[in-house]
Amino acid sequence: MANELLQDLEWRGLLYQQTDAEGMEKLLQQQSVSLYCGVDPTADSMHIGHIVPLLTLRRFQKAGHRPILLVGGATGMIGDPSGRSEERQLQTVEQIDKNVQGIRGQLERIFDFAEDGNGAQLVNNRDWIGEINTIEFLRDYGKLINVNYMLAKDTIASRLDTGISFTEFAYTLIQGIDYNHLYNHYNCRIQVGGSDQWGNITTGLEVIRKTHEEETKAFGITIPLVTKADGTKFGKTAGGAVWLDSTKTSPYEFYQFWINAADADVVKYLKIFTFLSREEIEALAVSVEEEPHLRKAQKALAEEMTRLIHGQEALEQAIRITAALFSGDLKALSADEMKDAFKDVPSIEMAKEDKNIVDLLVEAGISSSKRQAREDVTNGAISVNGEKVTALEYVVDAKDRLEDAFSIVRRGKKKYHMVKFL
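Residues numbered from 1 in each chain as written. Predicted model: local features only at pLDDT ≥ 70, side-chain atom pairs only at ≥ 80, totals over all residues. Heavy atoms only, no water.

(A) Fine view of the overall build of the protein chain. Counting its regular elements, the protein chain contains 19 helices and 15 strands. Reported as C-alpha extents along the three principal axes, the dimensions of the protein chain are approximately 90 × 50 × 45 Å. Burial status across the protein chain gives 49% buried among its 422 residues. Put simply, 74% of the contacts in the protein chain that link residues at least 6 apart link residues at least 24 apart. Per element, the accessible surface of the protein chain, about 20,600 Å² overall, is 48% carbon and sulfur. Across the protein chain, the 49 positively charged side chains and the 63 negatively charged ones have centroids separated by 4 Å. (Helix = DSSP H or I, 4+ residues; strand = E, 2+ residues; numbered from the N terminus. Buried < 20%, exposed > 50% of the residue type's maximum accessible area, 1.4 Å probe, protein only. Contact = heavy atoms within 4.5 Å. Areas by Shrake-Rupley, 256 points an atom, 1.4 Å probe, with all protein chains shown as cover. Lys, Arg positive; Asp, Glu negative; His and termini not counted. Charge placed at Lys NZ, Arg CZ, Asp CG, Glu CD.)

In structure tokens, the structure reads:
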């Protein structure tokens, strides 16, 4: 099974760096192992850039191994210098605790936490790092790692010109303590991380080696950075990061991010992010080549990811909103769904009063003049909340105010406006 698992990871493009690949493969063939991945609670939600190592850990779980999910309640108070050109802003203990709770719920969606077998374990490194006093840290761990060794780390060396605090300088050693603790107390044998975590992982292996007289069997794997074919950064939209928290990025927006994947990227994303089989993905790859207009691969990607992160009900809602916008039939949507679908369209605030449709179109800037507004109405180019308006005497009133707060006005086929009533 181990060979099949590693071969699958290789095929999916998920293996970037490994320590002693032959030894790790032998270990995986011999037994079910525990392995871990850490997430620092720098925000109260993860975004999609966080989840590739976690999804890789989930693949190990599906193959019979046990994932340990470390939420960095301690390391989150320090700040990882990896990939940073300047110091992180320190957060309060209260904010970090709030962030831990948010991330915990998202991890529970991805992993199987069954109490028997190879159910995932969730740990917080503040439980052991918080117990170490300054003298113990310097004597028991500071002596293990030479400063020259740490200066050779890319994440530290890249900061020497701009400056790095001792706090962030010590981060890699603190993460090394984590791996050593999990090795001793949870029989953890593999750490999985993003490509920027290689220096931290190898520090952990060094700490393990120097604190054990017997030969140790511990390994590390890093996952390559996800890139887009056009060279732009993956995981960003015009509105910013794509979050897993539905209040930051709604399930509809999340679905749209994936369904808008370029043909040049979609097969790679299917391999990296979904649990579809090789046969299923290869069939979708053929569809991309031969019938790209059907966008079967993008639909499969959007459905798999939205279902995984938000559940089946949220997926069905996202599909319903997408279909309604495509057809123009907004009547199928609830007020909340309309608010979600149109929160980024142009909006105008108006007094909450009855208003003739022509006057509303002009005052809201939807039509350029009363003459144009009358033409738009009589030509059937205007609809309010999905209902076509063709009568010049039509009055927009309480019946048209969704939640007594807003209306969606469409001009033409795709020009939507939200009118907010105050």
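Don't stop here, the text continues.
(B) Spatial organisation of the layout of surface pockets. If you add up the space inside the second largest pocket, you get close to 710 Å³. Tyr-252, Gln-256, Asn-260, Leu-325 and Ala-341 are the residues nearest the centre of the second largest pocket, which is lined by 30 residues in total. Residue assignment for the lining of the second largest pocket shows that the elements contributing at least two residues are strand 8 (240-241), helix 12 (251-259), helix 16 (312-327) and helix 17 (335-341). With 5 residues, the top contributor of residues to the lining of the second largest pocket is helix 16. (1 Å grid on protein atoms, 1.4 Å probe; cavity = no way out; pocket = protein on both sides within 12 Å on 5 of 7 lines; lining within 4 Å. Points joined across faces, edges and corners; volume = space filled by probe spheres on them.)

(C) Highlighting the sheet that holds strand 5 (residues 188-194). Spatial ordering of the open sheet is given by 1-6-5-2-3-4, a layout of 6 strands whose pairing is mixed. The open sheet is flanked by strand 1 (17-18) and strand 4 (121-124), the only strands paired with a single partner. For strand 3 (residues 66-71) and strand 4, the ladder comprises 4 bridges, and the chain directions are parallel. By the bridge assignment for strand 4, Leu-69 is matched with Leu-122. (Pairing = 2+ DSSP bridges.)

(D) Just empty space enclosed by the protein, in detail. All told, the structure shown has 1 cavity of 30 Å³ or more when counted by the stated rule. Ser-82, Lys-153, Thr-155, Ile-156, Thr-172, Asp-196, Gly-199 and Asn-200 are the residues that line the largest cavity. Put simply, the parts of the chain that give the lining of the largest cavity at least two residues each are helix 8 (154-157) and helix 11 (198-210). Tallied by class, the residues present in the lining of the largest cavity amount to 1 nonpolar, 5 polar and 2 charged. (Nonpolar A, V, L, I, M, F, W, Y, C, P; charged D, E, K, R; others polar.)

(E) A look at the pairing of strand 6 (residues 219-223). Most of strand 6 is tucked away: 5 of the 5 residues are buried. Going residue by residue along strand 6, you find Phe-219, Ile-221 and Ile-223 tucked away on one face and Gly-220 and Thr-222 tucked away on the opposite face as well. Sheet analysis places strand 1 next to strand 6, joined by 2 bridges and oriented antiparallel. When the bridges of strand 6 are listed, Gln-17 appears paired with Thr-222. Taken together, the 5 bridges between strand 5 and strand 6 define a ladder with parallel strand orientation. Within strand 6, the position partnered with Gly-193 by the bridge is Thr-222. With helix 11 bridging strand 5 and the parallel strand 6, this β-α-β connection has right-handed handedness. (Right-handed = clockwise from strand over helix to strand, strands pointing away.)

(F) Region of the structure containing the sheet that holds strand 11 (residues 382-384). Ordered in space as 9-15-14-11-12, the 5 strands form an open sheet in which the pairing is mixed. Looking at the sheet topology across the chains shown, the edges are occupied by strand 9 (347-350) and strand 12 (387-388). As defined by bridge partners, strand 11 adjoins strand 12 across 2 bridges and the pair is classed as antiparallel. Note on strand 12: the bridge partner recorded for Val-384 is Glu-387.

(G) Local environment of the packing of helix 13 (residues 263-273) against helix 14 (residues 278-290). It is the contact of helix 13 with helix 14, at a shortest axis distance of 10 Å, that shows an interaxial angle of 175 degrees. Here helix 13 lies roughly antiparallel to helix 14, going by the angle between them. In contact with Asp-263, Val-266, Val-267, Leu-270 and Lys-271 of helix 13, helix 14 contributes Ile-281, Leu-284, Ala-285 and Val-288. Its residues assigned to classes, the contact of helix 13 with helix 14 shows 7 nonpolar, no polar and 2 charged. (Axes fitted to C-alpha atoms, helices over the stretch in contact; angles between N-to-C directions. Parallel < 35°, antiparallel > 145°, perpendicular 65-115°, else oblique.)

(H) Quick look at the nonpolar core. Of all hydrophobic cores here, the largest spans 65 residues; its most connected members are Ile-190, Trp-258 and Phe-273. Here the element with the most residues in this core is helix 15 (residues 296-310); it accounts for 7 residues. Those residues within four positions of Trp-258 in sequence are excluded, and the remaining contacts are Ile-48, Phe-234, Tyr-269, Phe-273, Gln-298, Leu-301, Ala-302 and Met-305. (Core = buried A, V, L, I, M, F, W, Y, C linked by side-chain atoms within 4.5 Å.)

(I) The arrangement of the UniProt feature "short sequence motif: 'HIGH' region" (unreviewed entry) in the protein chain in detail. Taking the numbering used here, the UniProt-annotated feature "short sequence motif: 'HIGH' region" (unreviewed entry) corresponds to residues 41-50. Its end C-alpha atoms 11 Å apart, residues 41-50 is made of 0% helix and 0% strand. (UniProt positions renumbered as here; feature names shortened; annotations may be inferred.)

(J) Spatial organisation of the environment of Ser-195. Position of Ser-195 relative to the elements: it lies in the loop between strand 5 and helix 11. Counting along the chain gives 29 residues from Ser-195 to Pro-224, while the straight-line C-alpha distance between them is 5.3 Å. The contacts of Ser-195, once residues within four sequence positions are left out, are Tyr-16, Gln-17, Thr-222, Ile-223, Pro-224 and Leu-225.

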